[in-house]
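Geometric and topological summary
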Amino acid sequence: MNLKTETILEQIDDLFNARSVAIIGVPRGFKAGKLFLLALLDQGYTGAIYPVNPLAKDIDGLKCYPTLSAVPGPVDLAIVLTPHDQTLGVVKECAQKGVKGVVLFTAGYKETGTEAGAALEAEIVALARSSGMRLIGPNGMGLYCPKTGLSFFPRLSKVSGPIGLISHSGSLTNILGFMGPRKNLCFSKVVSLGNECDLSTQDLLAYLGQDHDTRVIGAYIEGIQNGPAFLKALRRASLNKPVVLWKMGLTEEGSRAAASHTGAMAGKRPIWEGVVAQGGGIAVEGFEAFADTLMAFSLLPHTIGRRVAVISGPGGLAVSAAEACGKEGLQLADLSAATRQALKALIPAVGTSAQNPVDVGLTASIDIELYIQSVRIAAADPGVDLLVIIGIGLSPEINRHYTEALIQARNEYQKPFVMVNIPGFEPELGQRFCEAGIPFFDSAERAMAGLSRIIQYRQWRQVQTEPDLETEHQCELKGWPKINFPSPAGRLSEYQAKQFLAAHGIPVTREILVRTADELPAAMTFIGYPLVMKGASGAVDHKTEKGIVITDIRTEAEAQAAFHRIMVRLEGDGKAVLVQEMIQGQRELVAGMVRDPQFGPCVMFGLGGIFTEILQDRAFRVAPLLRQDALELMGAIAGRGILEGVRGMPPVDKQALADVLMALGRIGLAHDNIDQIDINPLIIQGDRPVAVDALIILK
């Protein structure tokens with residue numbers, strides 16, 4: 001970690017441990033800005049609180065100061081509630097006072113889309129940086145830290161917990177804070193960043209990733225300012241603890257809404273999915289999935305196994321749980337013969353099942369011991385990694401006994417328990433279970449989804465090493481050719497593109513560019529039969545549809561006829577035919593590079609051929625790719641089975657394929673004048689990839 005990063009983390013830590021807070025522009029009456037003062041008082045903040053309002057002598061029993069400079073002592077954190085057109089002057093006063101950090105609550109800056117708003121924000125940021133002061137916002141709520149008493153809304157929980165939260169939405173942080181006691185969502189540190197004019201999501205990821213009070217990180221994101229820095233911070237944090245990401249703006253409608261909210265670029269779904277996978281994050285969609293996943297990670301060990309025993313009273317919900325188990329990649333545990341026999345001896349013979357999922361029958365809602373003893377029997381089975389328990393008793397008295405008995409069983413057998421509520425029955429029971437470290441979900445589907453995300457993180461973490469990312473992410477480009485081709489059409493011809501790729505280590509077809517019939521015999525002799533002929537022009541794509549690709553040419557007569565047919569169909573000056581070897585292979589892939597406005601050069605891989613645009617089976621990773629990234633990219637497509645030994649074909653040499661994908665990433669980093677590379681098809685000949693056609697589009 002470099003000195004600059006260490007300094008930023010120390011500055012953030014100073015803000016969460018602020019010993020004095022000034023609230024500038026706090027109103028006398030009950031208005032929105034008053035909530036910040038009420039929040040600190042309600043949370044029991046023990047540091048100095050300085051209300052600043054020139055029109056008041058005191059507010060809520062606290063002495064009020066006309067200006068920040070009139071405050072007698074040092075100020076660590078300032079919360080600025082003044083209108084945006086007054087903010088610059090207030091920030092100047094904060095800098096003069098030596099304030100460490102400023103929360104800008106009001107909006108009206110870059111997110112408005114106006115030049116004036118952007119200019120004002122830039123001036124404020126420049127002023128803060130010149131004085132060493134950090135900014136949160138604009139349009140942000142600031143900090144919530146139960147341990148130090150910081151808060152931005154009254155009645156948030158005073159109990160510290162393992163969840164660190166980063167959010168572009170202030171209201172979302174409040175909602176999660178209010179529902180915390182019921183789901184045991186307890187927070188270590190929370191920051192509502194707003195528009196991120198200074199401190200960013202990646203800064204907070206770096207901070208929370210090494211924070212000892214934080215066991216899991218959640219982030220609600222509407223836009224990303226610096227894609228490569230975000231990915232780097234995400235990967236570093238994920239190596240230490242799970243990071244749950246809820247991203248907005250992945251649809252056209254959501255993108256517009258996110259842009260109007262924070263002024264940040266939202267991004268494209270396929271690229272985002274690649275970023276999350278590459279960085280080890282856990283992607284969720286929707287508030288329920290976000291809260292469920294944070295609860296699961298905060299209460300359960302991150303090393304759980306996938307063999308699940310389901311214990312249920314309602315039979316239909318047991319079947320539903322089994323379906324969800326398979327859908328989410330979990331496994332119904334194969335109960336031992338001894339376990340099944342013990343269950344048969346316990347539960348009624350009719351309307352039940354001793355197989356997994358175990359159906360104890362509706363009678364168990366009254367005779368609660370059927371639930372309790374069935375759970376204990378299943379928990380004792382060494383083939384069971386965790387238990388999902390569906391249903392509760394029919395009275396508060398029964399449920400009190402039931403709850404404590406299950407908690408005792410969990411403690412005794414030291415296996416994770418997960419509870420699923422029956423709709424309409426006492427959701428408040430969940431609080432006691434969650435307090436004891438047993439997640440309480442509102443459906444079996446949501447429970448299985450939460451468990452699968454823990455398995456997903458465990459699997460990612462098991463195969464990751466902790467490389468020197470600074471070294472790994474510096475591309476070794478010395479000696480690489482800087483090839484510049486004239487291209488008035490803004491793209492390279494196939495021949496030029498493949499020359500370029502070959503010079504950068506990507507295997508391509510042997511080929512010769514032929515412009516006249518007299519040149520054809522020598523080309524045929526050099527290439528050999530069978531061969532392929534293609535019309536060659538930088539402005540031509542979809543050659544097959546245009547009838548200028550002829551394959552499986554085996555004689556000189558066929559070659560001469562194909563040459564003349566293609567030349568007739570070509571238009572414009574500089575007509576030529578590309579004579580190339582015919583690659584023998586049935587597996588057609590696509591690989592390439594696209595330059596994303598947020599994340600820079602991204603490598604693409606998927607199923608290729610003429611149907612690639614219809615299949616849309618492709619995945620992305622951000623350059624540069626580690627070898628592990630390239631291997632994971634191959635496994636990210638639905639058709640990944642094609643890379644294995646199928647129908648008598650040998651398995652693909654994945655290391656050779658990884659070399660191609662990594663080279664594409666390096667090309668993107670080394671040549672910023674290239675906007676897009678498309679290799680389609682990338683045919684597997686034997687077990688190795690060969691670029692058969694290629695397109696390079698220049699900026």
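Now for a description of the structure that goes with this document. Every chain's residues receive numbers from 1 upward, in the order its sequence appears when written. Only residues with pLDDT of 70 or above have their local features reported here, since the model is predicted, and side-chain atom pairs are shown and tallied only from 80 upward, although totals for entire chains, interfaces and linings are computed over all residues. Hydrogen atoms and water are omitted, and side-chain values are computed over all heavy atoms in the structure.

**Section: the pattern of salt bridges**
The criterion, for reference: A side-chain nitrogen of Lys or Arg and a carboxyl oxygen of Asp or Glu constitute a salt bridge if their distance falls within 4 Å. Put simply, DSSP H or I for four residues or longer makes a helix, DSSP E for two residues or longer makes a strand, and each gets a number counted from the N terminus. Think of it in three bands: with a 1.4 Å probe and only protein chains considered, a residue is buried below 20% of the maximum accessible area for its type, exposed above 50%, and partly exposed in between.
Enumeration according to the criterion identifies 27 salt bridges in this entry. Notably, a salt bridge pairs E288 with R446, separated by 3.6 Å at the nearest N-O pair. Of this pair, E288 sits in helix α10 (residues 287–299) while R446 sits in helix α16 (residues 444–463), and the two are 158 residues apart along the sequence. The partly exposed category is assigned to E288, whose relative accessible area is 48%. Among the ionic pairs, E494 bridges to K498, the shortest N-O distance being 2.9 Å. Of the two residues, E494 and K498 both sit in helix α18 (residues 494–503), four residues apart, roughly one turn of that helix. Judged by its relative accessible area of 1%, K498 falls in the buried class. When salt bridges that share partners are traced, they join E494, K498, E511, K534 and D693 into one network.

**Structural notes on the packing of helix α7 (residues 227–240) against α16**
Rules: Each axis is a line fitted through C-alpha atoms, taken for helices only over the stretch in contact, and angles between the N-to-C directions span 0 to 180 degrees. Each angle receives one of four descriptions, namely roughly parallel if under 35 degrees, roughly antiparallel if over 145, roughly perpendicular if within 65 to 115, and oblique otherwise. Residue contacts are counted whenever heavy atoms from the two residues lie within 4.5 Å of one another. In this count, Pro and Cys sit with the nonpolar residues alongside Ala, Val, Leu, Ile, Met, Phe, Trp and Tyr, while Asp, Glu, Lys and Arg are called charged and the others, Gly among them, polar.
Orientation of α7 relative to α16, taken along the N-to-C sense of each, is 100 degrees, at an axis distance of 10 Å. When the axis of α7 is compared with that of α16, the two are roughly perpendicular. Contacts between α7 and α16 pair R235, S238, L239 and N240 from the former with Y457, W460 and R461 from the latter. Considering only residue class, the contact of α7 with α16 consists of three nonpolar, two polar and two charged.

**Regarding the nonpolar core**
What counts here: To define a nonpolar core, start from buried Ala, Val, Leu, Ile, Met, Phe, Trp, Tyr and Cys residues and group those joined through side-chain atoms within 4.5 Å.
In terms of nonpolar packing, the biggest core is built from 139 residues, with I23, F230, W272, L387, V388 and M448 touching the most fellow members. Residues contacting I23, with those up to four places away along its chain left out, are F36, L37, L40, I49, Y50, P51, V52, I79 and L81. By size, the runner-up hydrophobic cluster in this structure holds 35 residues, among which are L633, M634, I677 and L682.

**Digging into the pairing of strand β29 (residues 688–691)**
Stated formally: Here, strands pair whenever DSSP counts at least two bridges between them.
Pairing of strand β28 (residues 674–685) with β29, which is carried by four bridges, proceeds in the antiparallel orientation. What sits directly across from L682, in β29, is A691. Between β28 and β29, which pair antiparallel in sequence order, lie two residues; one of them, G686, sits at a positive phi of approximately 70 degrees.

**Some words on the sheet that holds strand β21 (residues 511–514)**
The antiparallel open sheet is built from four strands, whose spatial order is β21-β24-β22-β23. Edge positions in the sheet fall to β21 and β23 (549–553), since each has one partner strand and no second. Sheet twist, expressed as the average angle between the axes of neighbouring strands with direction ignored, equals 20 degrees. The strands touched by helix α19 (residues 520–527) within the sheet are β21, β22 (531–536) and β24 (576–581), with β21 carrying the most contacts at an inclination of about 175 degrees. Each of β21, β22, β23 and β24 touches helix α20 (residues 556–569); the most contacted strand, β23, lies at about 175 degrees to it.

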